[in-house]
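Structural overview for review
The lines below spell out each chain.
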Amino acid sequence: MAKTLLQSAKKLLPLIRANLDRIDSECQLPPELAEAMSQKGLFGLYVPKALGGPESDPITAFHVVEAISSVDGSTGWCSFNGTALTAAVSRITIAAAKELFGDPPEVSGSGSARSGGTATVVDGGYTVTGRWNYLSGVDHAKCLFLNCDLVDEKGPVTTETGAPVTRVAIVPIEDGIVHTTWITMGMRGTASNDAEFTDLFVPASHTYVRTEPPVHENPLYNPQTAILCSWTLAAANALGMARGAMNAFMDIATTGSTTSPKLLRDRTTVQTTVGECEAIIGAGRSYVLSAVGAMWESQVAKTPDLMDKAVHARLAIAHAIRQSVKVVDMLFYAAGTGAIHRSNGLERFFRDLHVSGQHISGLHSNYELGGQLLLGAEPTAPTYS
């Protein structure tokens with residue numbers, strides 16, 4: 001299965017490359033590309049086998065997203081985000097999944113971990129109202145996974161510390177209104193628009209709580225580490241783009257300069273930059289594969305050191321994303337004026353990495369949390385777990 005998934009991704013790279021201009025200008029994936037990827041399970045790498053999905057391990061999924069992202073960041077992001085969201089279908093029954101995604105189910109989705117609205121308790125389920133943003137891949141999603149603040153007859157439900165209690169509702173996209181809001185510097189093809197729902201009844205069976213055990217048994221769906229299995233693919237997306245930026249730079253460096261007959265490749269400063277960037281990419285990639293691989297082994301074996309391994313996985317993911325942004329900065333500067341032209345591709349990776357690097361998985365707060373946990377200090381860093 002691992003080899004088949006990667007082969008499927010690589011076979012689609014020419015189609016992705018042929019559609020780069022459309023992806024950027026139309027601010028979404030072309031329908032034919034989205035359909036081709038969906039048919040190969042590339043938007044749902046973690047979907048359970050019982051629902052027709054690959055149920056891939058995170059290392060296999062990493063290689064798939066990395067390969068796609070080396071050609072286009074937005075397409076790779078949609079593979080990452082779709083996989084992260086649809087993995088949550090493991091938390092509802094097969095019957096409920098078929099009600100939402102058909103029989104046989106074609107699981108495709110988008111969603112938001114942020115609470116953009118409320119789920120009010122009613123007989124048999126909940127009524128959902130609100131507006132959710134950053135719904136990457138909403139253009140080719142069948143359902144949305146929406147995090148909601150829970151409300152009952154007494155009002156907003158809170159924990160003992162006063163934090164809102166949340167519940168995720170899975171809703172057909174056709175039951176709401178999509179608002180086009182995604183006008184950005186980079187990652188334009190992710191179509192990360194908003195969606196709004198008003199008094200939508202959602203059966204209880206179409207909802208779940210993120211911290212509860214999954215219906216489908218697989219270490220992949222362990223609620224303790226599910227977010228890190230997802231964020232592994234954010235790192236793959238960033239590292240893939242860093243590799244794509246390097247490939248684009250190599251073309252610039254070996255084909256001429258706007259100001260000198262001397263090729264960039266023959267300049268000492270450029271040679272040093274390329275060597276350093278190659279080392280940065282390789283080191284970041286190795287750290288992710290090593291740390292996530294160790295975490296995955298602990299998940300599979302159910303060993304007590306799982307959360308210790310998870311700390312290093314989180315650090316490796318954040319490090320890979322931050323270092324990928326550093327790489328594209330270095331290459332962009334080294335390329336000089338030639339870097340600014342859309343024709344060479346480097347400026348696209350520059351834009352895309354600077355947008356994807358703003359995602360929570362790559363923020364410096366992950367370093368702070370990692371340091372606190374390693375030191376045995378109270379974890380106070382803002383984070384998503």
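This write-up is about the structure you can find in this document. (Residues numbered from 1 in each chain as written. Predicted model: local features only at pLDDT ≥ 70, side-chain atom pairs only at ≥ 80, totals over all residues. Heavy atoms only, no water.)

1. Overview of the overall build of the protein
What the protein contains, in helices and strands, is 12 helices and eight strands. What you see for the protein is a C-alpha radius of gyration of 21 Å, in line with the 21 Å of a compact globule of 385 residues. Oriented by its inertia axes, the alpha-carbon framework of the protein measures out at about 75 × 50 × 40 Å. Looking at the 385 residues of the protein, the share that counts as buried comes to 53%. Considering only contacts in the protein between residues 6 or more positions apart, those separated by 24 or more positions represent 73%. (Helix = DSSP H or I, 4+ residues; strand = E, 2+ residues; numbered from the N terminus. Rg over C-alpha atoms; globule rule 2.2 N^0.38 Å. Buried < 20%, exposed > 50% of the residue type's maximum accessible area, 1.4 Å probe, protein only. Contact = heavy atoms within 4.5 Å.)

2. A closer look at the pairing of strand β7 (residues 193-203)
Of the pairings in the sheet, the one linking strand β2 (residues 125-135) to β7 comprises eight bridges and is antiparallel in character. Its bridge partner being in β7, W132 is matched across the sheet by A195. With three bridges joining them, strand β6 (residues 177-179) and β7 adopt antiparallel strand pairing. Bridge pairing in β7 places V178 opposite A195. (Pairing = 2+ DSSP bridges.)

3. Some details on the pairing of strand β3 (residues 143-152)
The element β3 is extensively covered by neighbouring structure, given that eight of its 10 residues are classed as buried. Inspection of the sheet shows strand β1 (residues 109-122) paired to β3 by eight bridges, in the parallel sense. In the sheet register, G117 faces β3, and the bridge partner there is C148. In this sheet, strand β5 (residues 166-172) lies alongside β3 in antiparallel orientation, the contact comprising seven bridges. When the bridges of β5 are listed, C143 appears paired with P172. Across two bridges, β3 lies against strand β4 (residues 155-156) in antiparallel orientation. From the neighbouring strand, V151 faces β4, where its bridge partner is P156. The hairpin turn running from β3 into β4, its antiparallel successor, is two residues long.

This is a description of form; function is not addressed.
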